[in-house]
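Structure at a glance
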Amino acid sequence: MHLRDHRPFAHVYTGVDSTHLPVLQRKDICCLRDLEIAPGTPMEKARDLFLFSLSAMGMPFIDVAFMRKSQIEGNTLVYYRHKTGQRVSVYLEPCMQQIIRKYSPAEGDYVFPLLSSTDPAVAYVEYESRLAAYNAQLSQLGRKAGLTQHLSSYTPRRTWASLAFQRDVSLETISQALGHTNSRTTRTYIKAQNDHLLRKKNKELLNYLSLDALGKRFGRFSNKLYFSTLC
C-alpha cells in the first residue's frame, strides 16, 4: 500500500512569529551586566554595545554603528532612524557615557569603532559585516550567561519596549522613543506583554470586586460550577 502525501500543512506558517520573540527580564539584564568577560575581547564589546542599545531606549544597531560624534551635544544624542527617518532624542545617562568613553576613538567621525568609511555605500557593506559578527557574539554571550532566550541585535529594542510598558510608560511615549511612525508598529513589540498585563489587571479588578473569591466559593458546589468558569 502506498500512502499519498497530501501535505495538509504545506501552506500553513509554522515558524516563530516575530511579534512573539522573547524579551529579557531584569534578572537577565543584571546577569549580562555582571558577567565576567575577558577585557578587550569581542564578546566584551558586544555586551557593552548591547547594554548601550538597551539603555538608549532600544536604539537599533544600525543607528549605533552609524552614530557620529557631531550628533552629541552636551549630554544629549539626537539621531534619525535609518529605517523611518524619525527623529529620536536620547539623554545620555552616566551608564551610556561610560560606554562611549570606553570605546570612542580619538580620531574619526564615528562614536564607536565599527565603521571606517564615510562613504555611504562602502560604510553599509562594513555595517552588514559588523552586524553578522555582532549577532554571532551575542549568541555566544547568551549561552555563556546561561540565558534561555536567544540574543540578537533586536533583543534590546523589544526588551526596552516591553519593560517600559510594564512600568506603565504610555504607548505613545514608547512609540516616540523607538522612532516608529505610528503606534500600530509599537503594539507588535508589546503584544504578549499587553496580554499578560490585561490578565493581571483583570485579576486585580476581580479581587477588588470580590468576584474571584465569590467564584471560588460557589465552585465548591456542583450546581454552581458554571459560575467558577466565569472568574
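The structure under discussion appears in the preceding block.
A brief report on the enclosed structure follows. This is a predicted model, so every value here is computed, not measured. (Residues numbered from 1 in each chain as written. Predicted model: local features only at pLDDT ≥ 70, side-chain atom pairs only at ≥ 80, totals over all residues. Heavy atoms only, no water.)

Side note on the overall build of the chain
Along the chain, the regular secondary structure elements total 11 helices and three strands. Counting all 231 residues of the chain, 38% fall into the buried class. Restricting the contact set of the chain to residue pairs at least 6 apart, pairs at least 24 apart contribute 54%. Per element, the accessible surface of the chain, about 14600 Å² overall, is 54% carbon and sulfur. (Helix = DSSP H or I, 4+ residues; strand = E, 2+ residues; numbered from the N terminus. Buried < 20%, exposed > 50% of the residue type's maximum accessible area, 1.4 Å probe, protein only. Contact = heavy atoms within 4.5 Å. Areas by Shrake-Rupley, 256 points an atom, 1.4 Å probe, with all protein chains shown as cover.)

What to know about a nonpolar patch on the surface
Residues Leu205, Tyr208 and Leu209 make up a contiguous nonpolar surface patch of about 360 Å² in total accessible area. Relative to the assigned elements, leucine 209 resides in the loop between helix H9 (191-208) and helix H10 (211-218). Judged by relative accessible area, leucine 209 falls into the partly exposed class, the value being 46%. (Patch = residues over 30% accessible without salt bridge, like charges linked within 9 Å, V, L, I, M, F, W, Y side chains within 5 Å. Salt bridge = Lys/Arg side-chain N within 4 Å of Asp/Glu carboxyl O.)

A few points about the nonpolar core
If you look at the biggest cluster of nonpolar residues, it comprises 50 residues, and the most contacted ones within it are Phe52 and Phe112. Looking at this core, the element that brings in the most residues is helix H2 (residues 42-55), giving seven residues. Setting aside residues up to four positions removed in sequence, phenylalanine 112 forms contacts with Leu49, Phe52, Val64, Met67, Ile99, Ile100, Tyr103 and Pro105. (Core = buried A, V, L, I, M, F, W, Y, C linked by side-chain atoms within 4.5 Å.)

Quick notes on the sheet that holds strand E3 (residues 87-91)
In space, the three strands of this open sheet follow the order E1-E2-E3, with antiparallel pairing throughout. A single partner strand is all that each edge strand has here, and the edge strands are strand E1 (72-73) and E3. Here E1 pairs with strand E2 (residues 76-80) via two bridges, running antiparallel. Across the sheet, the residue bridging to isoleucine 72 is leucine 77, located in E2. (Pairing = 2+ DSSP bridges.)

Observations regarding the packing of helix H1 (residues 26-34) against H2
In a pair of packed helices, the angle between the axes and the distance between the axes together describe the arrangement. Between H1 and H2, the least distance of the axes is 10 Å, while the angle of their chain directions is 140 degrees. With respect to their mutual orientation, H1 and H2 come out oblique. Considering the relative orientation of H1 and H2, their crossing is left-handed. Touching Ile29, Leu32 and Arg33 of H1 are Arg47, Phe50, Leu51 and Leu54, all from H2. For the contact of H1 with H2, the per-class residue count stands at five nonpolar, no polar and two charged. (Axes fitted to C-alpha atoms, helices over the stretch in contact; angles between N-to-C directions. Parallel < 35°, antiparallel > 145°, perpendicular 65-115°, else oblique. Left-handed = near helix turned anticlockwise from the far one by under 90°. Nonpolar A, V, L, I, M, F, W, Y, C, P; charged D, E, K, R; others polar.)

Digging into unusual backbone geometry
Even without being glycine, methionine 57 reaches a positive phi, approximately 60 degrees. Within the element layout of this structure, methionine 57 appears in the loop between H2 and helix H3 (61-65).

All quantities given are derived from atomic positions and should not be read as evidence of function.
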